[in-house]
2 protein chains.
Amino acid sequence: MRTLDEQQIRDVARGAAVLGTGGGGDPYLGTLAAVDALNRTGPPTVIEVDELTDEGYVASLAMVGAPVPLVEKFSLGPELMESYAALRDQFRKPLEALVPVEIGGVNTVIALILGSRLGIPVVDCDYMGRAYPEVPLVTPTLYGRSASPFALADERGNKVVIDAVDNRWAERIGRTVAIEFGAICPGMMYPMLGRHAKEAAIRGTLSLAETIGRCLRDAESKKEDPIAVLLKVTRGIELFRGKIVDVQRRTQRGWSLGDATLEGMDDFSGSRMVVRFQNENLIAELDQKVVGMVPDLITVIDSQTGQAITTERLHYGFRVIILGIPCDDQWRTPAGVALGGPRHFGYDIDYVPIERLNDRRRETSA
Amino acid sequence: MRTLDEQQIRDVARGAAVLGTGGGGDPYLGTLAAVDALNRTGPPTVIEVDELTDEGYVASLAMVGAPVPLVEKFSLGPELMESYAALRDQFRKPLEALVPVEIGGVNTVIALILGSRLGIPVVDCDYMGRAYPEVPLVTPTLYGRSASPFALADERGNKVVIDAVDNRWAERIGRTVAIEFGAICPGMMYPMLGRHAKEAAIRGTLSLAETIGRCLRDAESKKEDPIAVLLKVTRGIELFRGKIVDVQRRTQRGWSLGDATLEGMDDFSGSRMVVRFQNENLIAELDQKVVGMVPDLITVIDSQTGQAITTERLHYGFRVIILGIPCDDQWRTPAGVALGGPRHFGYDIDYVPIERLNDRRRETSA
């Protein structure tokens, strides 16, 4: 058990944005809200997965909806507590800790905010090892756990509690409510026993986010190349380096959908990359060949600062690298690929791990 | 306190369809489900408003959504109990009785079904004295009562409980959930104290529906003119007599919207009438002059049988009369007109009571 200070929270937010693969919300917004909570309710506490008791209960908090409106409609106020209150009134069992549902710039940090307000710890893990745009796309789904009761709240004071027959229905109903609530709102979900959280947890991801954030900060102060640092600490692959020349983006059915086109620079001069996203980056295509796909992580990184650029911030002219990071092994099982792989998002391609895709590419060009 | 037998339930459903002004669901479907419940769980009990205790609790059950899909998707099965269970889990106070939210062919009868299953009585009243297509359009809204907690269930087992800041938000969120549940589903709403139900209740409407149904049945067996009987028992006005020559209908945002055009017969030969509806009939225009409007009741009646024709059953070629019935006085207050009058539905006209509109018309033509 340890507490996080302001600097550590900033590091977590920054690192979580790298692992958030373009989604999970803008880390700047997350940091603003978290530092405010720190000043008001004290530093958040983090525990290891093994510190959870088997028979205690945990639940998860996440922003549900499209991240684009979050920039205009800052929904990290009293509605976080309201969504917790709505779950509590239905679930009626005390929560021992909060589990971040995903690693992302906002969605990891809001667990720290709520934990601090409730005086309960946040577990150093998550259920994705990345960010994903749909409620069922978490490791507990692979173990048959339910997202329900699933409680949503808005800034007006409206609350909804969903008890769905499965996690796909939780997603459908929750998304429709989030749209009615103004396209994005907080939701408390996946209340479960500690022992069920332990089996599904992807461990140490909050610490990993913090480490990534701290290494980027160190590189900044030492004037080192942030990209070299990132590649090392994430064990990632530089899939591309170039300039964003076009971004197509639309908000539809409660998601930010679109693609970004990039023109290559340096080693990638003369090549083009297209990154396709649904809140999160899903597919990276280099000269029309797929070089990275879900469930592996694809993140757009500012090549000057090493800062992750979330999909709602992508913009013409940014000079970036495209970072590919292997996903957690839970996603590479047949059930994991079926749940969170390319076919789930409508891409009729077989999943190939990003390391293999890029070995092959190097061989071909050699 | 009295119980209803099968014949009385059939009478209620038939009479409620007349008062349902085209909405509230097809009485045939309501009767099917109610007679089935009668055989399985015994006859429903009806009490007078004054038999309610002040400090006991009541709630209301209604189908939320568009009646058109109800014809294809018969949603009066286990989901009725499920919506009750969802309310109970949140509200956690025993219900002393059920209050029909409106008078309509399905929505009055399902209160009888649920009452029979739960072994609690149904109160001889409703909150509209007619049917209306939106959750807030009930007399309790005029007294500041809340529709929440508002519980919806579908036939798959999905349940949602809404705790909205006001009844307009209950409507918005409830409608969006009903659409996701397949355009129509049952909802438990307006849980409140007996004394609050007493002040808002429009009394004796269930008995009135039964009387209308019984008189129509008597007329049938005695081969009397059912229209003359209806006009007498409802104290209604024959606004038009003719043949349906066109029906425009669409299902949108969870409602059945449209209009029916009629060509006149007998006294109305050479005239045309247009009836505009949103689940319920809202406006009747005789040769482009409004002769009836919400909150007054407008019902399309088969001129041979005296049977009410709900908006989803309107069809080319039907020979009908258009029956106008003065609404309850609660709707004729300024607050009542603002809540349920023509402007609420986007018609920029002042409310004029149907009796005055039709006196004036007769004077003009004299």
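**Details of the overall build of chain A**
Now for step 1: Each helix and strand counted, chain A has twelve helices and 17 strands in total.
Now for step 2: The globule rule puts the C-alpha radius of gyration for 366 residues at 21 Å, and the 19 Å found for chain A is close to it.
Now for step 3: For the C-alpha atoms alone, the extent of chain A along its principal axes is close to 60 × 45 × 40 Å.
Now for step 4: Within chain A, contacts between residues separated by at least 24 positions form 75% of all contacts whose residues are at least 6 apart in sequence.

**Let's talk about the relation of the copies chain A and chain B**
Now for step 1: Relative to chain B, chain A is turned by 180 degrees and slid 0.0 Å along the rotation axis, the superposed coordinates differing by an RMSD of 0.0 Å. Such a combination of turn and shift is consistent with a two-fold rotation axis. Distance from the rotation axis, computed per C-alpha, reaches its smallest value in chain A at Val161(A): 2.6 Å.
Now for step 2: Comparing interface residues between copies, 100% of those in chain A also lie at the interface in chain B; the contact surface is shared.

**Here we look at the domain arrangement of chain A**
Residues and elements named next belong to chain A.
Now for step 1: Each assigned domain of chain A is listed here: domain 1 (2-203) and domain 2 (226-365).
Now for step 2: Distance from the C-alpha centre of domain 1 to the C-alpha centre of domain 2: 25 Å.
Now for step 3: Contact residues are listed per partner, giving 29 residues for domain 1 and 28 residues for domain 2.
Now for step 4: Listing elements by their share of the side of domain 1 that touches domain 2, those giving two or more residues are α1 (6-19), α3 (67-72), α6 (139-142) and α7 (167-180).
Now for step 5: Taken together, the residues of the side of domain 1 that touches domain 2 break down into 16 nonpolar, ten polar and three charged.

**Focus on the packing of α1(A) against helix α9 (residues 205-222) of chain A**
Residue and element names in this part refer to chain A.
Now for step 1: The geometry of α1 relative to α9 is characterised by a closest axis approach of 6 Å and an angle of 100 degrees between their N-to-C directions. The orientation of α1 relative to α9 falls into the category roughly perpendicular. Of the residues in α9, those touching α1 at Gln-8, Arg-10, Asp-11, Val-12, Ala-13, Arg-14, Gly-15, Ala-16, Val-18 and Leu-19 are Thr-205, Leu-206, Leu-208, Ala-209, Glu-210, Thr-211, Ile-212, Gly-213, Arg-214, Leu-216 and Arg-217.
Now for step 2: Looking at side-chain class alone, the contact of α1 with α9 contains ten nonpolar, five polar and six charged residues.

**Digging into helix α4 (residues 79-91) of chain B**
Now for step 1: With 13 residues, α4(B) ought to run about 18 Å at 1.5 Å a step, and its terminal C-alpha atoms sit 18 Å apart, in line with that.
Now for step 2: A positive backbone phi angle near 55 degrees is found at Arg92(B), which sits one or two residues after α4(B).

**Some words on the pairing of strand β11 (residues 237-252) of chain B**
One face of the sheet, then the other: side chains in a regular strand alternate in exactly this way.
All names here are of chain B.
Now for step 1: Bridge count for β11 against strand β17 (residues 319-325) is six bridges, and the pairing is antiparallel. Bridging from a neighbouring strand, Arg-241 pairs with Ile-321 of β17.
Now for step 2: Here ten bridges tie β11 to strand β12 (residues 255-264), and the two strands are oriented antiparallel to one another. Bridged to Val-247 within β12 is Ala-260.
Now for step 3: Between the antiparallel neighbours β11 and β12 lie two residues, among them Arg-253 with a positive phi of about 50 degrees.

**A few points about the interface of chain A and chain B**
Now for step 1: Every contact between the two is made by 19 residues of chain A and, on the other side, 19 residues of chain B.
Now for step 2: For the side of chain A that touches chain B, the secondary structure elements donating two or more residues are α4 (79-91), β8 (159-163) and α7 of chain A.
Now for step 3: Element by element, the count of residues in the side of chain A that touches chain B is highest for α7(A), at six residues.
Now for step 4: Among the residues making up the side of chain A that touches chain B, the classes are represented as nine nonpolar, four polar and six charged.

**Focus: the sheet that holds strand β16 (residues 297-302) of chain A**
All names here are of chain A.
Now for step 1: Strand order in the open sheet formed by seven strands is β15-β14-β13-β12-β11-β17-β16, with antiparallel pairing between adjacent strands. Only two strands of the sheet have a single partner each, and these edge strands are β15 (289-293) and β16. Between one strand and the next, the sheet's axes are offset by a mean angle of 35 degrees, whatever the strand orientation.
Now for step 2: One ladder, built from seven bridges, connects strand β12 (residues 255-264) with strand β13 (residues 272-278); its direction is antiparallel. Its bridge partner lying in β13, Ala-260 is registered against Val-275.

**What to know about the pairing of strand β8 (residues 159-163) of chain B**
Residue and element names in this part refer to chain B.
Now for step 1: Judged by how many residues are buried, β8 sits mostly within the fold: five of five residues are covered.
Now for step 2: Along β8, one buried face is formed by Lys-159, Val-161 and Asp-163 and the opposite face, lined by Val-160 and Ile-162, is buried too.
Now for step 3: Where strand β7 (residues 150-153) meets β8, four bridges bridge the pair, whose relative direction is antiparallel. Across the sheet, Phe-150 pairs through a bridge with Ile-162, a residue of β8.

**Comments concerning α1(A)**
Residue and element names in this part refer to chain A.
Now for step 1: In this model, α1 (14 residues) spans 20 Å end to end at C-alpha, consistent with the 20 Å of a helix rising 1.5 Å per residue.
Now for step 2: Of all 14 residues making up α1, eleven are buried, and the element is well covered by its neighbours.
Now for step 3: Among all positions of α1, only Ile-9, Arg-10, Asp-11, Val-12, Ala-13, Arg-14, Gly-15, Ala-16, Ala-17, Val-18 and Leu-19 are buried.
Now for step 4: For α1, the elements touching its buried residues are α2 (27-41), α5 (109-118), α9, α10 (226-234) and β16.

**Considerations on the environment of Ile162(B)**
Now for step 1: Relative to the elements of secondary structure, Ile162(B) occurs in strand β8.
Now for step 2: In this structure Ile162(B) comes out as buried when scored by C-beta crowding, with 28 C-beta atoms within 10 Å.
Now for step 3: A C-alpha to C-alpha distance of 28 Å links Ile162(B) and Pro342(B), two positions 180 residues apart in sequence.
Now for step 4: Excluding anything up to four places from it in sequence, Ile162(B) contacts Val160(A), Ser148(B), Pro149(B), Phe150(B), Ala170(B), Ile173(B) and Gly174(B).

**A word on the environment of Glu155(A)**
All names here are of chain A.
Now for step 1: Note that Glu-155 resides in the loop between β7 (150-153) and β8.
Now for step 2: Judged by the 17 C-beta atoms lying within 10 Å of it, Glu-155 is partly exposed.
Now for step 3: Residues Glu-155 and Leu-80 lie 75 residues apart in sequence; the distance between their C-alpha atoms is 9.0 Å.

**Points about unusual backbone geometry**
Now for step 1: Here the amide bond leading from Val294(A) into Pro295(A) is cis, since omega sits at 5 degrees, within 30 degrees of zero.
Now for step 2: If you trace the backbone, Pro295(A) turns up in the loop between β15 and β16.
Now for step 3: Residue Ser148(B) is joined to Pro149(B) through a cis peptide bond whose omega torsion reads -10 degrees.
Now for step 4: You can see Pro149(B) is positioned in the loop between α6 (139-142) and β7.
Now for step 5: Phi is positive for Arg92(B), which is not a glycine, with a value near 55 degrees.
Now for step 6: Tracing the backbone shows Arg92(B) in the loop between α4 and β4 (95-98).
Now for step 7: A count of 10 C-beta atoms within 10 Å places Arg92(B) in the exposed class.
Now for step 8: Although it is not a glycine, Asp287(B) sits at a positive phi angle of roughly 45 degrees.
Now for step 9: With respect to the secondary-structure elements, Asp287(B) resides in the loop between β14 (280-286) and β15 (289-293).

Parameters at a glance
- Residues numbered from 1 in each chain as written.
- Chains lettered and ligands numbered in written order.
- Predicted model: local features only at pLDDT ≥ 70, side-chain atom pairs only at ≥ 80, totals over all residues.
- Helix = DSSP H or I, 4+ residues; strand = E, 2+ residues; numbered from the N terminus.
- Rg over C-alpha atoms; globule rule 2.2 N^0.38 Å.
- Contact = placed C-beta atoms within 7 Å.
- Least-squares fit on C-alpha atoms with pLDDT ≥ 70 in both.
- Domains from an automatic or database assignment.
- Nonpolar A, V, L, I, M, F, W, Y, C, P; charged D, E, K, R; others polar.
- Axes fitted to C-alpha atoms, helices over the stretch in contact; angles between N-to-C directions.
- Parallel < 35°, antiparallel > 145°, perpendicular 65-115°, else oblique.
- Expected span 1.5 Å × (residues − 1).
- Pairing = 2+ DSSP bridges.
- Buried ≥ 20, exposed ≤ 12 C-beta atoms within 10 Å, placed from the backbone.

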